[in-house]
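# Reading the structure
If you want the building blocks of each chain, they are given just below.
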Amino acid sequence: MLYLDRPAVPWRGRLWSHLISDVSYAELHAFAEALGAPRRGFDRDHYDIPAERFPMAVWLGAQVVPSRELVRLLRAAGLRRPRHLHR
């Protein structure tokens, strides 16, 4: 399943969401490609998605959840990659 939080993170004059999979990185990359998100938007264990792509992500089937739920889902799936371990 794919999940994302609401656009709330400001960066470079835009608001951003985080997109994750609780199944695999392969599922996440395939969904991001279908969404038109560039691979450079992948950050350790999620994609950064600009607010203008949020409606399309929901339309394609991503479930909207709170940000804290994203972290819980990643940890439960064993897919969380903390920053301090990813250098």
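Keep in mind that this is a model prediction, so the values were computed, not measured. (Residues numbered from 1 in each chain as written. Predicted model: local features only at pLDDT ≥ 70, side-chain atom pairs only at ≥ 80, totals over all residues. Heavy atoms only, no water.)

## Observations concerning the layout of surface pockets
One water molecule sets the probe size; rolling that probe over the atoms shows where empty space is left. Quantified by volume, the largest pocket comes out at close to 370 Å³. In terms of lining residues, the largest pocket is bounded by 17 residues, among which W11, W16, G41, D48 and P50 are the most central. Elements with a minimum of two residues in the lining of the largest pocket: β2 (9-11), β3 (14-21), β4 (42-43) and β5 (46-50). Of all the elements, β3 adds the most residues to the lining of the largest pocket, at four residues. Residue composition of the lining of the largest pocket, by class: seven nonpolar, four polar and six charged. (1 Å grid on protein atoms, 1.4 Å probe; cavity = no way out; pocket = protein on both sides within 12 Å on 5 of 7 lines; lining within 4 Å. Points joined across faces, edges and corners; volume = space filled by probe spheres on them. Helix = DSSP H or I, 4+ residues; strand = E, 2+ residues; numbered from the N terminus. Nonpolar A, V, L, I, M, F, W, Y, C, P; charged D, E, K, R; others polar.)

## Observations concerning the pairing of β5
Counted residue by residue, β5 has four buried out of five residues, so it is predominantly covered. The pairing of β3 with β5 spans four bridges and is antiparallel. The residue bridging L19 from the neighbouring strand is Y47, located in β5. In terms of strand pairing, β4 meets β5 through two bridges, oriented antiparallel. Bridged to D43 within β5 is H46. If you look at the hairpin formed by β4 and β5, you'll find two residues sitting between the two strands, and R44 has a positive phi there, around 65°. (Buried < 20%, exposed > 50% of the residue type's maximum accessible area, 1.4 Å probe, protein only. Pairing = 2+ DSSP bridges.)

## A look at the environment of L73
Structurally, L73 is set in helix α3 (residues 67-77). Residues L73 and V23 lie 50 residues apart in sequence; the distance between their C-alpha atoms is 9.7 Å. When near neighbours in sequence (up to four residues on either side) are disregarded, L73 contacts Y3, I20 and D22. (Contact = heavy atoms within 4.5 Å.)

## Examining the environment of P66
Mapped onto the fold, P66 is located in the loop between β6 (63-64) and α3. Put simply, P66 and R6 are 60 residues apart on the chain and 7.3 Å apart in space, counted from C-alpha to C-alpha.

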